[in-house]
Amino acid sequence: MRIAIGGSRGFIGGHVARYWNEQRAASGSDDGSVAGFGRGEPAPRAEGLLWAAGGRGDDAEMQEAHVDAPVRALRASGAKTVVFLSSGEVYGRLDIPFHEDAEPRPESPYGRAKLRGEVAI
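In short, a report on the structure. (Residues numbered from 1 in each chain as written. Predicted model: local features only at pLDDT ≥ 70, side-chain atom pairs only at ≥ 80, totals over all residues. Heavy atoms only, no water.)

**Some remarks on the pattern of salt bridges**
If you walk through the whole model with that rule in mind, you get 4 salt bridges. For the salt bridge of Glu-89 with Arg-56, the shortest nitrogen-to-oxygen distance reads 2.3 Å. With Glu-89 in the loop between β4 (81-84) and α3 (109-120) and Arg-56 in the loop between β3 (48-51) and α2 (59-77), this pair connects stretches of sequence that are 33 residues apart. The salt bridge partner of Glu-107 is Arg-93, with a shortest N-O separation of 3.0 Å. You can see Glu-107 sitting in the loop between β4 and α3 and its partner Arg-93 sitting in the loop between β4 and α3, a full 14 residues away along the chain. According to the relative accessible area criterion, Glu-107 is partly exposed, its value standing at 46%. For Arg-93, a relative accessible area of 75% gives the class exposed. (Salt bridge = Lys/Arg side-chain N within 4 Å of Asp/Glu carboxyl O. Helix = DSSP H or I, 4+ residues; strand = E, 2+ residues; numbered from the N terminus. Buried < 20%, exposed > 50% of the residue type's maximum accessible area, 1.4 Å probe, protein only.)

**Section: unusual backbone geometry**
For the bond running from Ile-96 to Pro-97, omega is 5°, close enough to zero to count as cis. The topology assignment puts Pro-97 in the loop between β4 and α3.

**Structural notes on the layout of surface pockets**
Considering only enclosed or pocket space, the largest pocket measures out at about 680 Å³ in volume. Along the walls of the largest pocket sit 34 residues, with Arg-39, Trp-51, Ala-53, Gly-54 and Ala-65 positioned nearest its centre. When residues of the lining of the largest pocket are traced back to their parent elements, those giving at least two are α1 (11-27), α2 and α3. Looking at the lining of the largest pocket, the element that brings in the most residues is α2, giving 8 residues. The residue makeup of the lining of the largest pocket, split by class, is 15 nonpolar, 11 polar and 8 charged. Put simply, the second largest pocket is a space of about 170 Å³. As for the second largest pocket, its lining consists of Ser-86, Ser-87, Gly-88, Val-90, Tyr-91, Phe-98, His-99, Glu-100 and Glu-118. When the residues that make up the lining of the second largest pocket are grouped by side-chain class, the tally is 3 nonpolar, 4 polar and 2 charged. (1 Å grid on protein atoms, 1.4 Å probe; cavity = no way out; pocket = protein on both sides within 12 Å on 5 of 7 lines; lining within 4 Å. Points joined across faces, edges and corners; volume = space filled by probe spheres on them. Nonpolar A, V, L, I, M, F, W, Y, C, P; charged D, E, K, R; others polar.)

In short, the description is geometric, and any link to function would need to be established separately.
Here's what the structure looks like:
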């Protein structure tokens, strides 16, 4: 499976890309490859998309990083399998551990942007 990683130069995306390539090399497999891309670069065609890009900023920056850019990447890549890295902040101030079936109640601009991204994807 060819995967496209948005944020492949960042902390999480970079670790995933290196791990994926190390596992492929260790197994001697030619099955699959990683195509990383960064801010302002179009997403390559791929069967899978991992969205690990974006950070904090003003509302417009977070809308672009966590909603608009991943939607564009999904459309451009044609991926059928998507992993969108969100945040526990979409749940607001719940006791830990919280669960994904909890009601989203984001209180921060970052949490609201991540929730909008989840819905958009």
